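Working through the structure, step by step
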Amino acid sequence: MNKGATPSGSLQSAERRVFVRGVGILTGVIALGSPLAALLPGRAWAVELRVLSSAEAAALLAMIRTIAPHDSLEDAAYALVVNAVDADAAGSPPARADLNAGIASLGDGFVVMPEEARIERLRHIESGAFFQSVRLKTLLVLYNNPIAWAHFGFQGESFSKGGYLLRGFNDLKWLPEVPLADSGPMPIA
Amino acid sequence: MPQFEHNDTDVVVIVGSGAGGGTMANELTRRGLKVVLFEAGKRQSLASFSQNPGEAFAQLTWLEPRSQSGSWDPVKTSPTLPAWHCRTVGGTTVHWTAATPRLQSYEIRARSTYGDIPGASLADWPIDYAELKRWYQVAEKRLGVTRRNGNPGMPASNNFKVMYAGARRLGYKRVHTNYLAINSRARDGRGFCIQQGFCVQGCKTGAKWSTLYTEIPRAEASGKLDLRSGCFVTRIEHDDAGRASGVVYRDSAGAEQRQRARIVCVAGNAIETARLLLLSESGRFKRGLANGSDQVGRNYCHHVLGFVFGIFEQPVSFWRGAVLAGVVEDENVHEPRRGFAGGYHLELAMLDLPTLPLIGLPYGWGRDFASVIDNYRNMAGMLINGEDLPRADNRITLSRTLQDGYGLPVAHIHCDPHPNDLAMRAHAAAQGKKIYEAAGAKRTVLSTIPPATHQMGTARMSHDPGRGVTNAFGRTHEVPNLFISDGSVQTTAGAANPTLTIVALALRQAEHIGREIAAQRL
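1. Notes on the overall build of chain B
- Counting its regular elements, chain B contains 12 helices and 17 strands.
- In terms of overall size, chain B behaves like a compact globule, its C-alpha atoms giving a radius of gyration of 22 Å where 522 residues would be expected to give roughly 24 Å.
- If one aligns the C-alpha atoms of chain B with their principal axes, the spans along those axes are about 70 × 50 × 45 Å.
- Expressed as a percentage of the 522 residues in chain B, the buried residues total 62%.
- In chain B, 75% of the contacts between residues at least 6 apart in sequence involve partners at least 24 apart.

In C-alpha cells, the structure reads:
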C-alpha cells in the first residue's frame, strides 16, 4: 500500500538496470505522453522478479488485465501488481508454490487467448484462493498509485495545495446552481 | 499531564476516546473529577495524518479480525472488515464524515409507531423526545453543526449540484448541504473547511470536529485527565458488592496492569463495548458483566447501507469537497405504503481510489467493474443510510475460532438482515437511481452492502431491567457505577448517523453523574 510514495513504484529504467538476481523479468515501453515519462530516463521499463519466471509474469499480467480491463491504461501500471504479488510470495516457500500452481492453473496459452476465453478460464477459478488473492491485490495496488490516479483523474490529497475550495470543488456548470437557502456562502470572498 | 496511581480509587475510568468517551472525558474533568481515559490505538495529529488513502486506512482503522456468520452481505464481500471503525485517539471521530442529523420523534418510539413486526425486537426508547431534543441542541452548539444556531450551511459542491438537480426534479423538497459538524466558517479556535475531500483520512485542518483536537485537549488542560493511549482494556472487575472496582488492561508495552476506579464508563464502539462486557464474566455475572437481561451484544444495528453512483456525460469530479455535504431528507418518515417501516436518508458521498473498487462496486471484476472506474471523472455518488430493525439474534458474541494477540476471543458478528431492511434498501436504491436519471445519468450503479460504519444497539436502554442493559442514562441496571457511553445504548437505530446522538447522550450522562455524585448516590 506504500507504492503511492514512490510514483514509479518498482519500475526501473531498463537502460540503467543490470540483470543480476531474479528468475524472471517483465519489460515494456511506456506510451508517449504517459505520466511515467517524467519519472523514467527512458521509455523502456523493467520489473525484476524474485519468484516468477518471465513467462509466468506475462500470464499473471494477462490475468490482472482481465480482472481490471482498462484498455488505455498501460502495462506499466499492471506491472506494479505483478511485482507486488511476486514480492508477497518471495519470503515463503509455501506461498511460492501456491503462486506457481495458481499461475499454472491458468493453462497453456493464457496470454495469447482472446479476452472471452480468458474470462471463461477465470470463471472456473474465481472462487479459489489464488484468484481472490490476485483480485484483492489488484484492487489494493492498481488503484492506489499516482499512475492510476493520473489516468482516472483522481487528484488525491489537496491539503498541500489549499484544498479544493478555490480549485474546482464547485466548478460544475452543466447543471443549475443551488440556491443559497439550500447550501451556504463561500467562507472567503 | 497527571498520572494517577493504579490503586487510586477516586478516578473515573473511561474506555474509548471517540465521540462518547472523548466527550465524557471533557465533561467529567470539567466537573472536577479525575479521569483515566483508555484508548487502544495510538495518538495521531493533524500533522501526522497520512494523505495516502491506503496508509491512512492502516493508520486509523481497527484492524483486528472479527469472525462472522449470517446472510448479511459483508460476511461474504468484506470478511476481513465487516465493520469499519477506528482504533486511535479520538476514535471514529477521526475518520467520520461528520453528518449530524437528529433522530426523529417517531424513531425513538419505533415499537409504538411501527407495531409488532415479526422477527424484529423493536422497543421504544425510555426517553421523551423533548428531553432528547434539548440535549441535541446542546450537542449541536458544542459541535458547531452547520444550518443550526446561525452556523451557515456548507457551499454546494459539484457532487451536490448533481444530487440537488435530480432530487428537485423528482419532487423532493428537503434537499440541502446537510447538517455537518464541520466549520463552514472559523469558530471555536478552528478554521473553516477548505473542501479537501479527505475527511476519512483525518481532517488536516481540523475544521471537522473530532474529540482528538477538541474535547480531549480541553480535558487535558484541566489537569485532571490521564490519557493512556496504546492501552487495551481486557476486563472490568467488580467488588464483593457487585460494583465495578476497576479495569485490567495491557499497557503500550503489552504488560498486564490494573487500574482501580470509582466509576467505569465504556465507550468502545458497540462491537467492542459488547465484547468487553462479555469478556468480564465472573462467578457473579456468569453471562457477562451487566448481562442479567441477556441483552448484551443483541440487537446489533448498523443501518441499511449502500452507495448509488450516477455516471454522466460530463465531468463531476466528485472527490473534491467535504464528503457528506448533502442530503435528501424527504424519505426520513414512517410511511408504510412504501412497503417497509421506518425511513432513510440519501446522503452525498464519494469514494477515493482505491476505496471505490474495494467497497463501492457490485461486479467483482471484469468489464462492468472496470468501466465504472474508467468513468471516475464523470461520477456522482450518494449513500443510502436507513433504519435497520433490531433482531435478537443479530448479535455480538465472543468468537470461538479467532483470538487476538493476547489470546482473548475477538468479537463474532452474526447478522441476518430483516426483510424490512431489504425492502427499504431496494426502495432507496430505486429512488437514488431516479435522482441521477433525472439529472441526466447515462448509467447508475448500486454497490453491495459496504462494511458497517455505524455500530449501535448492543447494550440497549430500557426502563425494564429484564429487557435492556442500561437505564435511560446509560447506567447499567445491574452495576450501579458502570455506564455505557456510546452508540451501544441506542434502543433502536433510527436513520440518523449516530454521532450527534452519542454526544447528546454523553453530555446528558455526564450531567447525571455529576448530579448523582453531588447527591452522594454514586
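Having seen the structure, we can now continue with the description.
2. A short note on the sheet that holds strand E11 (residues 327-328) of chain B
All names here are of chain B.
- An order of E4-E11-E12-E13-E10-E16 is seen for the 6 strands of this open sheet, with the pairing classed as antiparallel. Either end of the sheet is taken by a strand with one partner, and the two such strands are strand E4 (175-176) and strand E16 (443-446).
- Of the pairings in the sheet, the one linking strand E10 (residues 304-311) to E16 comprises 4 bridges and is antiparallel in character. By the bridge assignment for E16, Phe309 is matched with Val445.
- Each of E4, E10, E11, strand E12 (344-348) and strand E13 (379-386) touches helix H6 (residues 158-169); the most contacted strand, E13, lies at about 65 degrees to it.

3. A closer look at the interface of chain B and chain A
- Taken together, the 51 residues of chain B in the interface contact 42 residues of chain A.
- Of all elements in the fold, only helix H2 (53-60), H6, E4, helix H9 (355-360) and helix H10 (367-374) of chain B reach the threshold of two or more residues within the side of chain B that touches chain A.
- Sort the elements by how many residues they give to the side of chain B that touches chain A and H6(B) lands first, with 6 residues.
- When the residues that make up the side of chain B that touches chain A are grouped by side-chain class, the tally is 25 nonpolar, 17 polar and 9 charged.

4. Some thoughts on the pairing of strand E14 (residues 395-403) of chain B
Residue and element names in this part refer to chain B.
- By the bridge criterion, 5 bridges tie E14 to strand E15 (residues 409-414) in an arrangement that is antiparallel. Paired with Leu398 across the bridge in E15 is Ala411.
- In textbook terms, the turn of a hairpin is the stretch between consecutive antiparallel strands, and for E14 and E15 this stretch comprises 5 residues, one of which, Gly407, has a positive phi near 80 degrees.

5. What about helix H5 (residues 129-142) of chain A?
- If you check H5(A), its first and last C-alpha atoms are 19 Å apart, about what 14 residues at 1.5 Å a residue would give, namely 20 Å.
- Residues of H5(A) that are buried: A:Phe131, A:Val134, A:Arg135, A:Thr138, A:Leu139, A:Val141 and A:Leu142.
- Close packing links the buried residues of H5(A) with helix H1 (54-67), helix H2 (75-90), helix H4 (115-125) and helix H6 (146-152) of chain A together with H9 of chain B.

6. Points about the packing of H6(B) against helix H11 (residues 419-438) of chain B
Residues and elements named next belong to chain B.
- Between H6 and H11, the least distance of the axes is 7 Å, while the angle of their chain directions is 100 degrees. As far as their axial angle goes, H11 and H6 are roughly perpendicular. Contacts between H6 and H11 involve Met163, Gly166, Ala167 and Arg169 from the former and Ile435, Tyr436 and Ala438 from the latter.
- Residue composition of the contact of H6 with H11, grouped by class: 5 nonpolar, 1 polar and 1 charged.

7. Things to note about the nonpolar core
- Membership of the largest hydrophobic core comes to 219 residues, with the highest contact counts inside it found for A:Val82, B:Ile14, B:Val35 and B:Leu180.
- In terms of residues, this core owes the most to one element, H2(A), which gives 10 residues.

Calculation notes
Residues numbered from 1 in each chain as written. Chains lettered and ligands numbered in written order. Predicted model: local features only at pLDDT ≥ 70, side-chain atom pairs only at ≥ 80, totals over all residues. Helix = DSSP H or I, 4+ residues; strand = E, 2+ residues; numbered from the N terminus. Rg over C-alpha atoms; globule rule 2.2 N^0.38 Å. Buried ≥ 20, exposed ≤ 12 C-beta atoms within 10 Å, placed from the backbone. Contact = placed C-beta atoms within 7 Å. Pairing = 2+ DSSP bridges. Axes fitted to C-alpha atoms, helices over the stretch in contact; angles between N-to-C directions. Nonpolar A, V, L, I, M, F, W, Y, C, P; charged D, E, K, R; others polar. Expected span 1.5 Å × (residues − 1). Parallel < 35°, antiparallel > 145°, perpendicular 65-115°, else oblique. Core = buried A, V, L, I, M, F, W, Y, C linked by C-beta atoms within 7 Å.

So yeah, pure geometry; function would need other evidence.
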